[in-house]
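Listed below are the residues making up each chain.
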Amino acid sequence: MVNFAAPKAAKAVANSVSMTDLEYAKDKIIMGSKCRSAVISDETRKLTAFREDDERRDRNNQQRNTRSDNATESKIRELEEKIRKLSGTGEEDKLAEFISEAERTPFTQELELRAFPPNCTLPTFPSRFDDTGDAVEHLKMYSMSLIQWKNYEVVMCKFFPESLEGEATKWFYNLAPGTIDIYETLVEAFLETYMHNSRPRPRVNMLFTLARRFREPLRSWTDRWRNLCTEIGKVPVDQQIFGFENALGRSDPIWVAMFTEKPQTLKEMRKMQEHFITLEEIQEESRYRGVQEASAAPKSTSDDTQRRPENRPSPPMRGHGKKEWIDKGKRQRHEARTYTPLNSPLE
């Protein structure tokens, strides 16, 4: 392209090759040499007009983009300068917001200012509520841990967050400020949120459908029966005894003893249970010991049981050193026979 543009610049007596010369060289390479005598067709004129119009639009767009980029850069510089000037006050506002958020509690101002009683220390809770446990059981555990401070609202309210963890802790700190003034209000808010986590208490009829598993030890069955009675709550004594007896087999020794002695109180019932549990464990231990001794004893082989003694007893000797067998029903092998006409062999 420069080789075509340089001669044109030299003909025009120019000191350097200009953009006009380069465009001329480009047009000459693309469209060929200028035809002075040829007639330009309408199609060629149309294509040339389209190309020139596209080039004009490209130049205008480049100029417009350049101006817009310059304006955008200037606006960005102005905004950065404003942000730099206001950055100090913005950080102070954020810090103040964080401090107010950290100091926010759901307790009322009166409860916050109330002091703890003397010698009151934070106890160690057996477990913490994490949004998945039984809410009622957690409240029972919390009340029993602070049984000596149950009349102090400040203790019951301010120690409650320490018995929570995970999502339950977030729930507590997201309560509206100034809404908790007494422990009863806190319990109501807690149960409204986590009441669905409480497990329903089993009914008495489950005690009569309880059955002893196959080869289940008596101690395991007794523990399951006691736990179910505890979960149900107030169960009459006769129903507890009947539920235990109903799950036993008629051949169980404890069922025979209950049928014979007929215990009337839980004390008599538990005494009988411990007696037969001890007997069952002793029998199981002796059976296990017998199996171990049998497996540790040396095993006798079939050759040892069928082997005859090497030192056989000698038969009694007769007068001339001949052996005589004294087995019953046997005679000497070479005993002399006396033949008669009745027992003589046939010839």
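Residues numbered from 1 in each chain as written. Predicted model: local features only at pLDDT ≥ 70, side-chain atom pairs only at ≥ 80, totals over all residues. Heavy atoms only, no water.

### Side note on helix H2 (residues 19–31)
Here H2 spans 18 Å end to end across 13 residues, near enough to the 18 Å set by a 1.5 Å rise per residue. At the C-terminal side of H2, glycine 32 shows a positive phi close to 90°. (Helix = DSSP H or I, 4+ residues; strand = E, 2+ residues; numbered from the N terminus. Expected span 1.5 Å × (residues − 1).)

### Some remarks on the nonpolar core
Soluble globular proteins tend to bury their nonpolar side chains together. Tyr142, Phe160, Leu164, Trp171, Tyr183 and Phe190 are the most contacted members of the largest nonpolar core, which has 29 residues in total. Counting residues per element, this core draws most heavily on helix H8 (residues 183–194), which supplies 6 residues. Apart from the residues lying within four places of it in its own chain, the contact partners of phenylalanine 160 are His138, Leu139, Tyr142, Trp171, Tyr183, Leu186 and Phe190. Core analysis: the next-biggest nonpolar cluster, separate from the first, contains 21 residues, Ala247, Met258, Met269 and Met272 among them. (Core = buried A, V, L, I, M, F, W, Y, C linked by side-chain atoms within 4.5 Å. Buried < 20%, exposed > 50% of the residue type's maximum accessible area, 1.4 Å probe, protein only. Contact = heavy atoms within 4.5 Å.)

### Quick look at the packing of aromatic side chains
For the coordinates displayed, the defined rule picks out 18 aromatic pairs. Aromatic side chains tryptophan 171 and phenylalanine 190 sit 5.8 Å apart centroid to centroid with 65° between the ring planes, which places their arrangement in the edge-to-face category. With tryptophan 171 in helix H7 (residues 167–173) and phenylalanine 190 in helix H8, this pair connects stretches of sequence that are 19 residues apart. Residue classification places tryptophan 171 among the buried residues on the basis of a relative accessible area of 13%. For phenylalanine 190, a relative accessible area of 0% corresponds to the buried category. Looking at lysine 8, its charged tip hangs above the ring of tyrosine 24, at a distance of 5.3 Å from the centre. The ring of phenylalanine 259 has lysine 262 sitting right over it, with the charged end atom 4.7 Å from the ring centre. (Phe/Tyr/Trp six-rings, centres within 6.5 Å; stacked < 30°, edge-to-face > 60°. Lys NZ or Arg CZ within 6 Å of the ring centre and 35° of its normal.)

Shape is all these values report; function is a separate question.
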